[in-house]
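Survey of secondary and tertiary structure
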Amino acid sequence: MISFEALHAAPLALTAHAPVLMVVGPLIAACAAALAPTARTSWMISVTGSIFAAWMALALLGEVARRGAVDYYIGGFAPPLGIAFHIDGLSVFMALLISSAGVMASLYSGHSLSAEVRAEKHTLVQAGFLLCQSGLLGLVSTGDAFNAFVFLEVSSIGTYALIAIGEKRDRRALPAAFNYLIMGTIGATFYVVGVGFLLAATGTLNMADMGARLATLGDSSVVQAGFAFVVVGLGIKAAMFPLHGWLPGAYSYAPSLISIFLAATATKAAIYLMARFVFDVFPDGAAFGQGFIAWVLAPLAATAAIVCSLQAVFEKEIRRMLAFSSVAQVGFILMGLSLATVAGASAGLFYLGAHALLKMTLFMALGGLAISMGARRLDELAGVARDAPWSATAFAIGAASLAGVPLTLGFLAKWRLIEAALQAGQIWIVAVLATASLLTLLYVGRMLEAIFFRAAPAGAPRAREAPVGVLAPLWILAGLNLWFGIDASLPEKLANAGALALLGGTP
Amino acid sequence: MSFILSHFNYIAVAVLMMAGLFIVFSSGNLIKRMIGLAIFQTATGLFYISLGKVSGGTAPIVVEPNSPEARELASRLDPAYLAQHGVDGVVYSNPLPNVLILTAIVVGVATLAVGLAIAVRVREAFGSVEADEIEVLSRVESTQPGPRA
Amino acid sequence: MIALPPTFDANLAIDIALLVMLVVLAGAIVRTRSLLAAIILFSIYSLISAVWFVIMDAPDVAFTEAVVGAGISTIVLLGAILLTRGETERPDWRRLIAPALVCITVGGILIYAATGLPALGDASSPANAYIGRAYLEAAPKDIGLPNTVTAVLASYRGFDTFGETAVIFAAGVGVALMLGFGPRASLAPPPVVTGDHHVVLRVAAKLLIPLIALFALYVQFHGDLGAGGGFQAGVIMAAAIILHALVFGLRETVSAVPPRVARSVASLGVLVYAGVGVACMINGGAFLDYDYLFPPEVEKQIPGWLLGDSEHAHHWGQHFGIMLIELGVLLTVAATMVTIFYGFAGRTIDDARREAKP
């Protein structure tokens, strides 16, 4: 059994400041990357910054295991006057996920960027990528509702432009990025309006303090409106059905570095914040909270899982297939959370981590193939497995994991969800899960059939195998899909700690 | 009537937010949509600042206690009200919403700049900033193979 | 509980009049099809909001709204329509039903919530009686600045401001990625003109630009005492450079402040801010805890006359920390605004046509 308590990843002097260093590190790296003289230097800075953040997240994992939760008062001012970071099992789970996705994506970007983006833009792309990473890490660490908005924007503003530079390969990236900007900004502004109502009701911005005050306040129109605006705002950011319209375009046409990183992290961070509000800030017994979970969250999540899986089945462009699949998987995650039990939340978080890992594998494999051929439609990938067997096999592993084939991480994730739903007595969720999984099998089958079993059309340009710089991170990810499929004790333990932090009564 | 008078700001904010959102959702023109978004964000600022206003208060820039200025400010208010809500003999409005909205305004201009920059590139790539025309032109792409590197 | 009754005084009358104007302006923006008209109306909308913020005791916000909404936003919007097209198409009325329903729902929730909100100006509302008041009581002791807004902005919630600086930097990165590269037809030498028709403009600009820069510095350092601070000063500083470009041509300005330098200064500003935070950490405090900015032995050496005030407790760390981070904000904001301006001004409609794919 792994023991996090014994983990001392960093020297004490750094561990004491790890919460803030984890966020500020990539941010400083972003500035350095923008100043870097060459593309190569900026890439090295990007990798260093990402690894530093992951290191700090590891240091925090040990601290949180030993102390339960880590509070860090920025500026030395205790909340509610100052901004405090509050890092518990859930934050650490998210921080590890985001920072390790950052490490993998930055390693991969060394090769992919030169194929996808003009060289003179690389320094700024790396800067934007690091800013996004820093923003997401800040979002999952902060204990202050307004500070979360600021970090939401830090992570988003640069991202809009990063998606738009996908126009070099596909000009549809531009309207897609614009659309994302409009929806994302409306989402963030709704969140601010919601926080404003909560500020009016409680007088504080610190989430723990807000939760404590809301518990004594009871119901009022102000609190209800605050809840509605926060949830809808974050729902847009999390691509919660039916607010997901921006996602397929944004993920499909972006440069692959950005698709990989966003697919693994961006919507998840918004889900995290939504879960924090629904379960932690709002009192457990609040009627509208319960009603929301039972009558809005769960049905919408189920609809997303079915409808968007169907859309993926009928989609012709492969990256759009994966993007629709992402929206459907957000539905799976939210179904787990909507059970509102520790087992359900743990299964939801486990699924969240699993989905991040396998979607990264898929987008990265596809990005590797796209370096030599800018394939858009599924039929262009026909027979690619013969020319690029390593990339195609890694893709197949990710796809198997997505479909939930036994001995992969995806199988365990689905299994745990079904188990939790049965425990909670929600049979209909099991039925939805089964249906959506069948649909998943369908579109995964379509992808694999094209890549492996169809002959390349005569005279079509041949693909080349991806370079080692791409294959190395790709196969680490693919390997993890298999490894965790056999021994999932590590992600299981992390997800359990996260679920306990969310529902187990800690502030 | 007294509700409308005492909550006039919030009603105005609601109308402004509706106007901003309506422009964003109804207009096909990308630039106009950005203007709508800016109106919506400014309305959020009005909402926060309304929350922080204190009757009889002054801007939250602390006045030297017992200075002539402080005495002048105090003389306008009922002593009992002053005793309850004043700090060192002066009633101030709430500084917190000001700080938050300063940040929000800055975020707003950042969004506006990036959004317009993307809109300009959309115009260059599609020859239009109207959402309908862009959508028609985009359909071509989904039938064409991707570019080869 | 003692609360002022909602008397109909002059302030309330001005408040209502301004809000009605805003609503009318927003309605006009909804209706107009000319983008130029929409932009000018939006600029007025911003300016009226700024006036309203003054009435609501928020001079700092008013200042920012004026320089941003009526200033930079208008410039950027005008730049954008120069590069796109000036008219919007008339939408089909059937297409307006869904947006209208969404807006009515949102408005309905807002009005419903408003019924539970405390009345305007209620001093005992949770927001005003809890931490709003706590800041007013604690700030003079903890920070020692008269402007509580600056104290909260730069110290208590300094991390928000750090994030905000990062957002501005990110916007600069984003605009540079979108518009900062590619051909720049406007940088070609200007056509030879016989006789200078703009001599008055040039002389006036030469006189104005240093004054504007000086005013920016005043706003920068006055932020501790009254309305102002790094953000407003940064925008004003950028305005001086933009004025230079408008009068003397972009070519001249770009040779004085190259785009790459502007981008570097923007990231330098964030680094200054982060550096202050890290320095506090190295000296044993938390990130951005300015009380630890100087080691105690250094702090003792600082002469008391430096800030010309011996009555207040000396919060050297707080004073210098806030000064330094405001400097970081100034650098990032000014440089980013210039970068954004370069992005829009450096492209002409001809570039656009040339880059447009067939």
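Not measured: the values here are computed from a predicted model.

Helix and strand content of chain B: 7 helices and 0 strands. Going from the N terminus to the C terminus, chain B shows its helices and strands as α-α-α-α-α-α-α. Relative to its length of 149 residues, chain B is extended, with a C-alpha radius of gyration of 24 Å against a globular reference of 15 Å. Along the first, second and third principal axes, the C-alpha atoms of chain B reach 75 × 40 × 20 Å. Summed over its atoms, the accessible surface of chain B is roughly 4,600 Å², and 58% of this surface lies on carbon and sulfur atoms. Averaging the positions of the 9 positive and the 11 negative side-chain charges in chain B gives two centres separated by 7 Å.

Turning our eyes to something else, we now look at the interface of chain C and chain B. Across the boundary between the two partners, chain C contributes 110 residues, which contact 85 residues of chain B. When chain C packs against chain B, the two sides together hide about 8,500 Å² of surface, and 75% of this comes from carbon and sulfur. Taken together, the links from chain C to chain B amount to 2 salt bridges. Where Asp 132 of chain B meets Arg 95 of chain C, a salt bridge forms, and the shortest distance between an N and an O atom there is 3.1 Å. In this assembly, chain C and chain B are joined by 22 residue pairs in polar contact (both at pLDDT 80 or more). Per-element tally for the side of chain C that touches chain B: the top contributor is helix H3 (residues 59-83) of chain C, with 13 residues. Considered class by class, the residues forming the side of chain C that touches chain B number 75 nonpolar, 17 polar and 18 charged.

Next up on the list: the interface of chain C and chain A. Every contact between the two is made by 54 residues of chain C and, on the other side, 64 residues of chain A. Both sides together, the interface formed by chain C and chain A hides about 4,700 Å², and carbon and sulfur atoms give 76% of it. Area buried by chain C at its contact with chain A is led by Tyr 130, Phe 159 and Leu 177 of chain C, which between them contribute 15% of it. Summed over the shared surface of chain C and chain A, the number is 1 salt bridge. The partner of Arg 157 of chain C in a salt bridge is Asp 144 of chain A, with the nearest N and O atoms 2.7 Å apart. At the junction of chain C with chain A, the criterion picks out 12 residue pairs in polar contact (both at pLDDT 80 or more). Where the side of chain C that touches chain A is concerned, the elements lending two or more residues are helix H4 (97-114), helix H5 (126-129), helix H6 (131-142), helix H7 (148-156), helix H8 (158-179) and helix H12 (259-282) of chain C. The element that contributes the greatest number of residues to the side of chain C that touches chain A is H8 of chain C, accounting for 15 residues. Among the residues making up the side of chain C that touches chain A, the classes are represented as 36 nonpolar, 10 polar and 8 charged.

All names here are of chain A. Along the chain, Ala 119 turns up in the loop between helix H4 (89-116) and helix H5 (122-141). For Ala 119, a relative accessible area of 56% translates into the label exposed. The sequence separation of Ala 119 and Ala 39 amounts to 80 residues, and the corresponding C-alpha distance is 6.7 Å.

Let's shift gears to the domain arrangement of chain C. Residue and element names in this part refer to chain C. Each domain of chain C was delimited in the assignment, giving domain 1 (1-117) and domain 2 (146-358). In this complex, domain 1 contributes 14 residues to the contact, which on the side of domain 2 involves 19 residues. Run the count over domain 1 and domain 2 and you get 3 residue pairs in polar contact (both at pLDDT 80 or more). Taken together, the residues of the side of domain 1 that touches domain 2 break down into 10 nonpolar, 3 polar and 1 charged.

Tracing the backbone shows Ser 391 of chain A in helix H16 (residues 389-403). Here Glu 465 of chain A takes part through its side chain, which lies 2.6 Å from a polar atom of the side chain of Ser 391 of chain A.

Glancing now at the confidence of the model for chain C. Residues and elements named next belong to chain C. Of all residues in chain C, 85% have pLDDT values of 70 or greater, and the mean over the chain is 84. Taken as a whole, residues 349-353 scores under 50 in pLDDT and shows 9 contacts with residues more than four places along the chain or in a different chain. Interface confidence for the predicted complex, given as ipTM, is 0.94, next to a pTM of 0.94.

A few words on the layout of surface pockets. Estimated volume of the largest pocket: approximately 1,600 Å³. In terms of lining residues, the largest pocket is bounded by 48 residues, among which Asn 179, Met 183 and Gly 245 of chain A together with Arg 33 and Glu 135 of chain B are the most central. Looking at the lining of the largest pocket, the elements that each hand over two or more residues are helix H7 (173-202), helix H9 (221-237), helix H10 (247-253) and helix H13 (318-338) of chain A, helix H2 (8-26), helix H3 (30-52) and helix H7 (131-143) of chain B together with H4 of chain C. When grouped by side-chain class, the residues that make up the lining of the largest pocket number 27 nonpolar, 10 polar and 11 charged.

Conventions we followed
- Residues numbered from 1 in each chain as written.
- Chains lettered and ligands numbered in written order.
- Predicted model: local features only at pLDDT ≥ 70, side-chain atom pairs only at ≥ 80, totals over all residues.
- Heavy atoms only, no water.
- Helix = DSSP H or I, 4+ residues; strand = E, 2+ residues; numbered from the N terminus.
- Rg over C-alpha atoms; globule rule 2.2 N^0.38 Å.
- Areas by Shrake-Rupley, 256 points an atom, 1.4 Å probe, with all protein chains shown as cover.
- Lys, Arg positive; Asp, Glu negative; His and termini not counted.
- Charge placed at Lys NZ, Arg CZ, Asp CG, Glu CD.
- Contact = heavy atoms within 4.5 Å.
- Buried area = accessible area lost by both parts, 1.4 Å probe.
- Salt bridge = Lys/Arg side-chain N within 4 Å of Asp/Glu carboxyl O.
- Polar contact = N/O pair within 3.5 Å; in protein donor to acceptor, adjacent residues only side chain to side chain.
- Nonpolar A, V, L, I, M, F, W, Y, C, P; charged D, E, K, R; others polar.
- Buried < 20%, exposed > 50% of the residue type's maximum accessible area, 1.4 Å probe, protein only.
- Domains from an automatic or database assignment.
- pLDDT = per-residue confidence, 0-100.
- 1 Å grid on protein atoms, 1.4 Å probe; cavity = no way out; pocket = protein on both sides within 12 Å on 5 of 7 lines; lining within 4 Å.
- Points joined across faces, edges and corners; volume = space filled by probe spheres on them.

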